[in-house]
There are 2 protein chains.
Amino acid sequence: MNEFDLIRLLTAGLPSNDTTILGAGDDCAVLDLGLSDRWLLFKTDAVVEGIHYTSDAKPEEVGHKALARCLSDVAAMAGKPVAALVTLGLPQEYDPKWALAVYAGMSELARRYRVAIVGGETTTVPERTLLSVALLGTVDKNKCLKRSGALAGDAIFVTGELGGSIQGKHLDFEPRMEQAQWLATHFSIHAMIDVSDGLAGDLRHITNSSGVGAELLASAIPVSDAARKGGKPPMQAALEDGEDFELLFTVPAREAVALLDAWKLEFPGLKLSCIGKITKNPGFILHEGNRTRDILEHGYTHFA
Amino acid sequence: MNEFDLIRLLTAGLPSNDTTILGAGDDCAVLDLGLSDRWLLFKTDAVVEGIHYTSDAKPEEVGHKALARCLSDVAAMAGKPVAALVTLGLPQEYDPKWALAVYAGMSELARRYRVAIVGGETTTVPERTLLSVALLGTVDKNKCLKRSGALAGDAIFVTGELGGSIQGKHLDFEPRMEQAQWLATHFSIHAMIDVSDGLAGDLRHITNSSGVGAELLASAIPVSDAARKGGKPPMQAALEDGEDFELLFTVPAREAVALLDAWKLEFPGLKLSCIGKITKNPGFILHEGNRTRDILEHGYTHFA
């Protein structure tokens with residue numbers, strides 16, 4: 001059973017209450033606790049040694065990554081982060097300096113985004129270190145961006161460049177907090193997600209949640225240099241590799257040109273690419289030269 | 001370096017912001033997000049196979065325990081739980097039925113306390129399962145009970161019976177939510193904590209936070225049957241064993257008798273014991289028959 005099937009089973013029929021605006025299934029949970037203008041965003045994310053980082057990764061980067069992943073999810077809903085709790089799993093024999101350096105990396109990032117680190121715990125995990133972050137944020141009720149709002153005809157955009165994150169970016173990426181805020185303020189973003197499972201998988205999350213399909217144009221997909229240096233075809237890396245932590249979103253096609261123009265002025269150092277469109281037909285296809293390929297459930301695995 | 005020393009190092013100088021009412025160092029973090037009458041409570045807690053439960057523990061009980069630990073911390077601040085996120089660490093090859101049963105145990109408890117489970121994630125931990133819960137709650141600003149409010153002269157109370165939790169109670173205990181709410185509503189509770197590290201260790205958390213000392217009367221300490229059946233002296237088990245998840249709190253001595261009387265009417269099935277008093281002198285001692293023992297930093301280790 002794969003992760004997605006298990007999650008479907010586990011999240012069916014979970015307990016809810018009248019604070020729940022959005023439960024499992026988006027970048028963050030959304031809660032209404034009675035603030036007049038804002039909802040709460042609630043997110044947890046864990047990184048595990050040997051899975052999400054190697055034992056020789058710099059501890060500062062491990063700390064940075066763990067918090068940055070959660071920040072990226074808050075960004076993807078156009079929220080602002082507020083406070084974090086940290087769970088640090090350590091073997092019985094550990095190096096206190098390693099733990100302190102993890103916290104130093106995390107704290108530096110937290111200060112940059114005015115996130116309070118308000119506690120957490122250390123726990124024993126004998127075989128490997130792990131780090132889990134729980135993050136609380138808020139979002140304006142009228143700006144909250146879900147995965148489920150994409151409409152047929154929307155243009156699909158992605159920030160930055162995709163693929164090959166494992167070569168370094170997965171440890172030191174910057175969450176697209178400022179960009180997401182700006183997008184939610186100035187354009188009619190219909191759906192947004194951060195690219196953590198890979199472009200194909202995350203666009204699939206948007207189309208599944210929204211009950212639509214998508215067509216992508218291969219030549220428009222921003223393939224990173226790192227994707228070109230990896231072992232697989234670069235286009236496949238850009239579509240399938242995880243942990244890009246870029247923003248993937250849809251806007252009405254009529255806003256696409258204005259968005260590209262305004263973006264260049266606002267964020268001249270960061271690429272923004274229009275990579276395709278949302279379709280009424282629920283299929284998910286890639287136009288690549290003269291060929292058209294179906295993109296299957298979890299990636300770019302079906303070559304015509 | 002022990003856990004407490006490490007935590008002291010890790011939590012020194014953590015980033016804060018203007019929402020932080022209480023950061024690391026109490027049962028929950030306390031945040032002011034702008035609600036007129038309430039603060040937010042924020043807590044995470046992890047249980048790890050082989051550390052907090054054995055591989056043959058019933059999965060429903062593992063799920064129960066993971067959430068109940070967090071609920072116990074919210075109770076200890078006189079708060080009400082709202083919503084939880086769940087991180088489930090599983091080996092590559094796992095039994096989906098086990099994971100579903102963990103969720104079933106957790107969901108049953110969540111429904112009883114009207115807690116929404118609003119998502120989380122599964123992650124790979126090859127060697128052992130683990131379960132981390134992040135819990136959000138609220139507390140009336142004028143009822144929030146910290147560890148740091150104990151005053152010289154206060155009577156010290158504990159609910160239930162202590163010691164030997166490892167024989168079963170650590171998996172199926174009920175968080176003292178109702179009792180904590182009742183206490184905060186009807187009496188002038190000065191400080192409260194849930195007994196997770198053991199009576200001696202947790203009372204030490206109260207006295208250290210409050211800048212006071214304590215004297216306990218051994219004959220008043222409610223030693224559980226389970227503590228009498230373990231391998232160590234029962235009084236030592238009652239003082240040192242962890243995971244009792246009872247409430248430990250202090251009230252002005254003048255309210256002690258009225259509290260005991262009212263408690264018996266309100267909670268006839270649950271013992272409440274007055275076990276000693278808070279002292280101005282920062283020492284921590286136990287009167288046991290004719291002898292007086294010093295209780296050291298992390299337990300009952302100094303025999304006269």
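What this report covers is the structure whose coordinates are included nearby. Everything quoted here is computed from the prediction, not taken from an experiment. (Residues numbered from 1 in each chain as written. Chains lettered and ligands numbered in written order. Predicted model: local features only at pLDDT ≥ 70, side-chain atom pairs only at ≥ 80, totals over all residues. Heavy atoms only, no water.)

### Section: the overall build of chain A
The test is simple: Strands here mean DSSP runs of E at least two residues long; helices mean DSSP runs of H or I at least four residues long; both are numbered from the N terminus. With the radius of gyration taken over C-alpha atoms, the globule rule is written as 2.2 Å times the number of residues to the power 0.38. Throughout, exposure labels follow a simple rule: accessible area from a 1.4 Å probe, protein chains only, divided by the maximum for the residue type, with under 20% read as buried, over 50% as exposed, and the rest as partly exposed. Note on definitions: a residue-residue contact is assigned when non-hydrogen atoms from the two residues lie within 4.5 Å. Areas reported as accessible are Shrake-Rupley estimates using a 1.4 Å probe. Residue values count occlusion only from the protein chains shown. By the counting rule applied here, Lys and Arg register as positive and Asp and Glu as negative, while His and the ends of each chain are not counted. Here the site of a charge means NZ on Lys, CZ on Arg, CG on Asp, or CD on Glu.
Check the secondary structure of chain A and you find nine helices and 13 strands. Computed over C-alpha atoms, the radius of gyration of chain A comes to 19 Å, within 12% of the 19 Å expected from 2.2 N^0.38 for 304 residues, which places it in the range of a compact globule. With respect to the principal axes defined by its C-alpha atoms, chain A has extents near 60 × 50 × 45 Å. Relative to its full complement of 304 residues, chain A shows a buried share of 60%. Summarising the internal contacts of chain A: among those between residues at least 6 apart in sequence, 81% fall at separations of at least 24. Looking at chain A as shown, the accessible area adds up to about 11,900 Å², and 50% of this sits on carbon and sulfur atoms. On chain A, the mean spot of the 29 positive side-chain charges and the mean spot of the 40 negative ones are 4 Å from each other.

### A look at the packing of aromatic side chains
The cut-off we apply is this: Two aromatic rings from Phe, Tyr or Trp, using only the six-membered ring of Trp, form a pair when their centres are within 6.5 Å; if the ring planes differ by under 30 degrees the pair is stacked, by over 60 it is edge-to-face, and anything between is tilted.
Summed over the entire model, instances satisfying the criterion amount to 13 aromatic pairs over all chains. For the pair F42 of chain A and F42 of chain B, a centre-to-centre distance of 6.0 Å together with 70° between the ring planes defines the contact as edge-to-face. Of this pair, F42 of chain A sits in strand β3 (residues 38-48) while F42 of chain B sits in strand β3 (residues 38-48), on two different chains. Each member of the pair, F42 of chain A as well as F42 of chain B, carries the same accessibility label: buried. Aromatic pair W182 of chain A and F187 of chain A: ring centres 5.6 Å apart, planes at 50°, arrangement tilted. For W182 of chain A, a relative accessible area of 9% corresponds to the buried category. Of the residues examined, F187 of chain A reaches a relative accessible area of 15% and is grouped as buried. One aromatic cluster in this structure is built from W182, F187, W263 and F267 of chain A.

### A closer look at empty space enclosed by the protein
Note the following rule: Both cavities and pockets are sets of points on a 1 Å grid over the protein atoms alone; in a cavity a 1.4 Å probe fits but cannot get out, in a pocket the set is open with protein on both sides within 12 Å along at least five of seven lines, and lining residues sit with an atom within 4 Å of a point. Grid points are joined across faces, edges and corners, and a volume is the space filled by probe spheres set on the points. When residues are grouped by polarity, Ala, Val, Leu, Ile, Met, Phe, Trp, Tyr, Cys and Pro land in nonpolar, Asp, Glu, Lys and Arg in charged, and all others, Gly among them, in polar.
Counted under the stated rule, the structure contains two cavities of 30 Å³ or more. In this structure, the largest cavity spans a volume of roughly 60 Å³. The wall of the largest cavity is formed by A46, T87, T123, V125, L130 and S132 of chain A together with A46, T87, T123, L130 and S132 of chain B. Empty space within the second largest cavity amounts to approximately 40 Å³. Around the second largest cavity, the lining residues are T44, T87, S132, V133 and A134 of chain A together with T44, L85, V86, T87, S132, V133 and A134 of chain B. For the lining of the second largest cavity, the secondary structure elements donating two or more residues are β6 (130-140) of chain A together with β4 (80-90) and β6 (130-140) of chain B. Residue classes in the lining of the second largest cavity are distributed as six nonpolar, six polar and no charged.

### Here we look at the relation of the copies chain A and chain B
What counts, and what does not: The least-squares superposition of copies is restricted to C-alpha atoms, and to residues with a pLDDT of at least 70 in both copies.
Once chain A has been moved 0.0 Å along the axis and rotated by 180°, it coincides with chain B to within an RMSD of 0.0 Å. A rotation of that kind, with that shift, is consistent with a two-fold axis. Same-surface contact between copies: 100% of interface residues of chain A are shared with the interface of chain B.

### Side note on the side chain of T279 of chain B
Residues and elements named next belong to chain B. Where we set the bar: Polar contacts, as counted here, are pairs of nitrogen or oxygen atoms within 3.5 Å of one another; within protein the pair requires one atom able to donate a hydrogen and one able to accept it, and residues that are adjacent in sequence qualify only if both atoms are side-chain atoms.
If you trace the backbone, T279 turns up in strand β11 (residues 272-279). A polar atom in the side chain of T279 sits 3.3 Å from the backbone nitrogen of A214. A polar contact of 2.8 Å, which involves the side chain of T279, links it to the backbone oxygen of N281. When sequence neighbours within four positions are dropped, the list of residues in contact with T279 reads A152, V212, G213, A214 and E215.

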